[in-house]
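Chain residues, written in single-letter form:
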Amino acid sequence: MTLTLELPEELEKALEKEAQRRGVETAQLALEALEKVVQPARPKKVLKAYGMFAGSSRTVDDFLRERHEEVDREEQQTPERAARWRAIQEERRKRESAKESL
């Protein structure tokens, strides 16, 4: 898509100056600025994840794969945890019943 904009002179000069400072074309800088406004922001958790890997050989993909594996392991343990929880609850009910009957 081609878009033509009439920019105020002050904004045009500021855009050109910033593009020159960055060493990019003015149109490229304008496109990047529009993308920041129009595209939805990444969730903060994802941004934090990127920061965790600064200076590390691990990637975000490594982290996500490992986390997915953790969730899978937890889901496999869920029936065991549920059974344990039911046993604990049943034991509490028995103790409460015993206290009430005294």
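Cut-offs applied
Residues numbered from 1 in each chain as written. Predicted model: local features only at pLDDT ≥ 70, side-chain atom pairs only at ≥ 80, totals over all residues. Heavy atoms only, no water. Helix = DSSP H or I, 4+ residues; strand = E, 2+ residues; numbered from the N terminus. Areas by Shrake-Rupley, 256 points an atom, 1.4 Å probe, with all protein chains shown as cover. Patch = residues over 30% accessible without salt bridge, like charges linked within 9 Å, V, L, I, M, F, W, Y side chains within 5 Å. Salt bridge = Lys/Arg side-chain N within 4 Å of Asp/Glu carboxyl O. Buried < 20%, exposed > 50% of the residue type's maximum accessible area, 1.4 Å probe, protein only. Axes fitted to C-alpha atoms, helices over the stretch in contact; angles between N-to-C directions. Parallel < 35°, antiparallel > 145°, perpendicular 65-115°, else oblique. Contact = heavy atoms within 4.5 Å. Nonpolar A, V, L, I, M, F, W, Y, C, P; charged D, E, K, R; others polar. 1 Å grid on protein atoms, 1.4 Å probe; cavity = no way out; pocket = protein on both sides within 12 Å on 5 of 7 lines; lining within 4 Å. Points joined across faces, edges and corners; volume = space filled by probe spheres on them. Expected span 1.5 Å × (residues − 1).

Student: Got a minute to help me understand the overall build of the chain in this structure?
Tutor: Of the regular secondary structure elements, the chain holds four helices and zero strands. The helix and strand sequence of the chain, counted from the amino end, reads α-α-α-α. Counting only carbon and sulfur atoms, one obtains 54% of the accessible surface of the chain, whose full area is about 9,700 Å².

Student: Honestly, a nonpolar patch on the surface in this entry has me stumped. Any pointers?
Tutor: A contiguous nonpolar patch, built from Met1, Leu3, Leu5, Leu7, Leu11 and Leu34 and spanning about 660 Å² of accessible area, is present on the exposed surface. As for its position among the elements, Leu3 is in the segment before helix H1 (9–22). For Leu3, a relative accessible area of 51% corresponds to the exposed category.

Student: It is not clear to me how the packing of H1 against helix H2 (residues 26–38) should be interpreted in this structure. Could you clarify?
Tutor: Each pair of packed helices can be summarised by the angle the axes make with each other and by the distance between the axes. The contact between H1 and H2 brings their axes to 8 Å, and the two run at 105 degrees. With respect to each other, H1 and H2 are oriented roughly perpendicular. Contacts between H1 and H2 involve Leu15, Glu16, Glu18, Ala19 and Arg22 from the first element and Thr26, Leu29, Ala30 and Glu32 from the second. Looking at the contact of H1 with H2 residue by residue, the class counts come to four nonpolar, one polar and four charged.

Student: Help me understand the pattern of salt bridges in this model?
Tutor: Opposite charge on two side chains lets them pair, provided their charged atoms get close. Under the defined criterion, the tally for this structure stands at five salt bridges. A salt bridge links Lys13 to Glu9, with the shortest nitrogen-to-oxygen separation between them at 3.0 Å. In this pair, Lys13 and Glu9 both sit in helix H1, four residues apart, roughly one turn of the helix. Look at Glu9 and you get exposed, because its relative accessible area is 55%. Within this structure, Glu18, Arg21, Arg22 and Glu32 form a network of salt bridges that share partners.

Student: Which parts of the structure should I look at to understand the layout of surface pockets?
Tutor: Leftover empty space is mapped by rolling, across the atoms, a probe with the size of a water molecule. Put simply, the largest pocket is a space of about 480 Å³. Looking at the largest pocket, it is lined by 15 residues, and the ones nearest its centre are Leu5, Ala27, Ala30, Leu31 and Leu34. If you list the elements that add at least two residues to the lining of the largest pocket, you get H1 and H2. No other element matches H2, which puts six residues into the lining of the largest pocket. Considered class by class, the residues forming the lining of the largest pocket number 11 nonpolar, two polar and two charged.

Student: Which parts of the structure should I look at to understand H1?
Tutor: Since the α-helix advances by 3.6 residues per turn, residues separated by three or four positions end up pointing in the same direction. For H1, with 14 residues, the first-to-last C-alpha span of 20 Å sits near the 20 Å given by 1.5 Å per residue. A positive phi of about 75 degrees marks Gly23, the residue just after H1.

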